[in-house]
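Residue strings, one per chain:
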Amino acid sequence: AINSDRPSELTLAFLKQRDLDGQWKVDPDGLITALDAKYQTDPGLGTLFALIELTHLQAKRYAAQPELAASFDLSCAVYSYLFLFDPKVAPNKGYLRPNARLAAEFHNRSLSRYLLYARAAGIGFSPGQTLATANASVELKDREYGLAFAPDEISSYHLAYEYAVSGLDVTYTVPGLGVPLILVREAGAAKDDRPEERFLTRVRQVLAATLFLRIETEPATGRGGRRVYRSRLELYDPMRVNTVAVDGMTVPLETDTSTPLAWMAAHAPAPQGIKGLMDPQALQSDQGLYMLQPYQKDKIPVVFVHGLISSPMTWLPMINGLMGDPKLRERYQFWYFSYPTGNPVLYSSMLLRQALLNARATFDPEGSNPAFNNMLIIGHSMGGLLTK
């Protein structure tokens, strides 16, 4: 059902054994309702996996009716979560269950499609909000926000799945559970005058994130006897968190660090290396030290300094590779120094020195942070000369 318009052979066999394959062809909605009722009284993995596939297919069939399609997408997300974590059917921890990864893929895709619907329909988060599924409801009790910026500072979000990356030789993703996002924060969105703002890009900040929907597997009873799955919306920064705990299990998050980086590059002002050489005064306002993500005191800074007739964009493939390595991004944060290369090297080196001293005064005034003391600077060509 992931990549076709029919259920898998496993689900078709399940339906044939119960003489239900004919109903799938003529009344799929009724079949889903019947299987849902069966699961409530007699939980089983076969029933649950059939529900996952059938609701996923129905969501695709109802594409012309977005609200109805979204209810089946959310159903699929719930069923696949139950397949993975409902103690009524989940085996002992540590047992590698067949179709577990496939269930995670269904969960991620259906939740992604629901997010696209929510964005188009203007549905935002509010505590206690109830969202309809095909045969139940999902209640968003609260939200856990593990990002550096407040939710109201984010101006827009995009799904990493929406884009194909070009210009980078490798796209770094890690399979897991959740939906990788691109979060956009326009410059000046801060609600207070935080000193670290001066080291963030002046146009917009682009952050990678993963959305995880934590669902209570035992539903409550709502109005009219309708089942309600209480849930919590959780957002994580893959530069800080790679896993979540669910019922004592460590679950990897689905992460994508390359697509947000490529999105940032695609929406950034065009590099002006020639202009920086011929008319450095024109780019004076853009020179300085910048951070790709907000400062993290436990990580070693790595500062990139570009060369003649160049720009920080030169470093994008290298930064992509470094950020894509979970061990490296666990230990390092990535900054860059931008300067018009028409300026004298000694003048640019003075600007770099002052910028680093300002960063230290802002983030480590006592000079006691071992991560800051272990800073690395990588320079290319003229950038290497002024760094030296």
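This text goes with the structure placed above it.
Enquirer: I keep staring at the overall build of the protein and nothing clicks. Help me out?
Expert: Each helix and strand in the protein was counted, giving 13 helices and 15 strands. Expressed along its principal axes, the backbone C-alpha trace of the protein runs to roughly 80 × 40 × 35 Å. Relative to all contacts within the protein whose residues are 6 or more apart in sequence, the contacts with residues 24 or more apart total 74%. Surface exposure of the protein reaches about 18100 Å², of which carbon and sulfur atoms provide 54%.

Enquirer: Honestly, helix H4 (residues 45-61) in this entry has me stumped. Any pointers?
Expert: In an α-helix, one turn spans 3.6 residues, which is why side chains three or four residues apart end up on the same side. Here H4 is 17 residues long and its end C-alpha atoms lie 24 Å apart, about the 24 Å a rise of 1.5 Å per residue gives. Taken across its 17 residues, H4 has 13 buried, putting it largely inside the fold.

Enquirer: I keep staring at the environment of Leu213 and nothing clicks. Help me out?
Expert: Topologically, Leu213 is positioned in strand S6 (residues 204-215). Considered as a pair, Leu213 and Leu177 are 36 residues apart in the sequence and their alpha carbons are 9.2 Å apart. Filtering out sequence-adjacent residues up to four positions away, Leu213 remains in contact with Tyr81, Leu111, Leu140, Ser231, Arg232 and Leu233.

Enquirer: Explain unusual backbone geometry to me, please; I cannot follow it from the model alone.
Expert: The phi torsion of most residues other than glycine is negative, and most of the peptide bonds are trans. Phi is positive for Asp19, which is not a glycine, with a value near 55 degrees. With respect to the element layout, Asp19 can be found in the loop between helix H1 (9-17) and helix H2 (21-26). Assessed through its relative accessible area of 67%, Asp19 is described here as exposed.

Enquirer: How do you make sense of the pairing of S6 when you look at a structure like this?
Expert: Summarising burial for S6: 11 of the 12 residues are buried, a large majority. With 8 bridges joining them, strand S5 (residues 179-186) and S6 adopt antiparallel strand pairing. Looking at the pairing, Glu186 lines up with Arg204 of S6. Across 6 bridges, the pairing between S6 and strand S8 (residues 227-236) is antiparallel. Across the sheet, the residue bridging to Arg214 is Arg232, located in S8.

Enquirer: For this particular structure, what's the right way to read the nonpolar core?
Expert: In terms of nonpolar packing, the biggest core is built from 87 residues, with Leu35, Ile52, Leu84, Leu181, Phe212, Leu289 and Trp335 touching the most fellow members. With 13 residues, the single largest contributor to this core is helix H5 (residues 66-85). Core analysis: the next-biggest nonpolar cluster, separate from the first, contains 22 residues, Val206, Met264, Phe304 and Phe334 among them.

Enquirer: Can you walk me through the pattern of salt bridges in this structure?
Expert: Where charged atoms from two side chains of opposite charge approach closely, those side chains can pair. This model, assessed by the stated rule, comprises 20 salt bridges. One network of salt bridges, with partners in common, ties together Arg101, Glu105, Arg109 and Glu254.

Enquirer: What am I meant to see in the sheet that holds strand S12 (residues 288-291) here?
Expert: Working definition: the strands of a sheet are paired by backbone hydrogen bonds and lie parallel or antiparallel to each other. Spatially, the 4 strands line up as an open sheet ordered S12-S14-S13-S15, and their pairing is mixed. The strands lining the two open edges of the sheet, one partner per strand, are S12 and strand S15 (376-379). On average, adjacent strands in this sheet sit at an angle of 25 degrees to one another, irrespective of strand direction. In the sheet, strand S13 (residues 300-305) pairs with strand S14 (residues 332-338) via 6 bridges, with the strands oriented parallel.

About the criteria used
Residues numbered from 1 in each chain as written. Predicted model: local features only at pLDDT ≥ 70, side-chain atom pairs only at ≥ 80, totals over all residues. Heavy atoms only, no water. Helix = DSSP H or I, 4+ residues; strand = E, 2+ residues; numbered from the N terminus. Contact = heavy atoms within 4.5 Å. Areas by Shrake-Rupley, 256 points an atom, 1.4 Å probe, with all protein chains shown as cover. Expected span 1.5 Å × (residues − 1). Buried < 20%, exposed > 50% of the residue type's maximum accessible area, 1.4 Å probe, protein only. Pairing = 2+ DSSP bridges. Core = buried A, V, L, I, M, F, W, Y, C linked by side-chain atoms within 4.5 Å. Salt bridge = Lys/Arg side-chain N within 4 Å of Asp/Glu carboxyl O. Axes fitted to C-alpha atoms, helices over the stretch in contact; angles between N-to-C directions.

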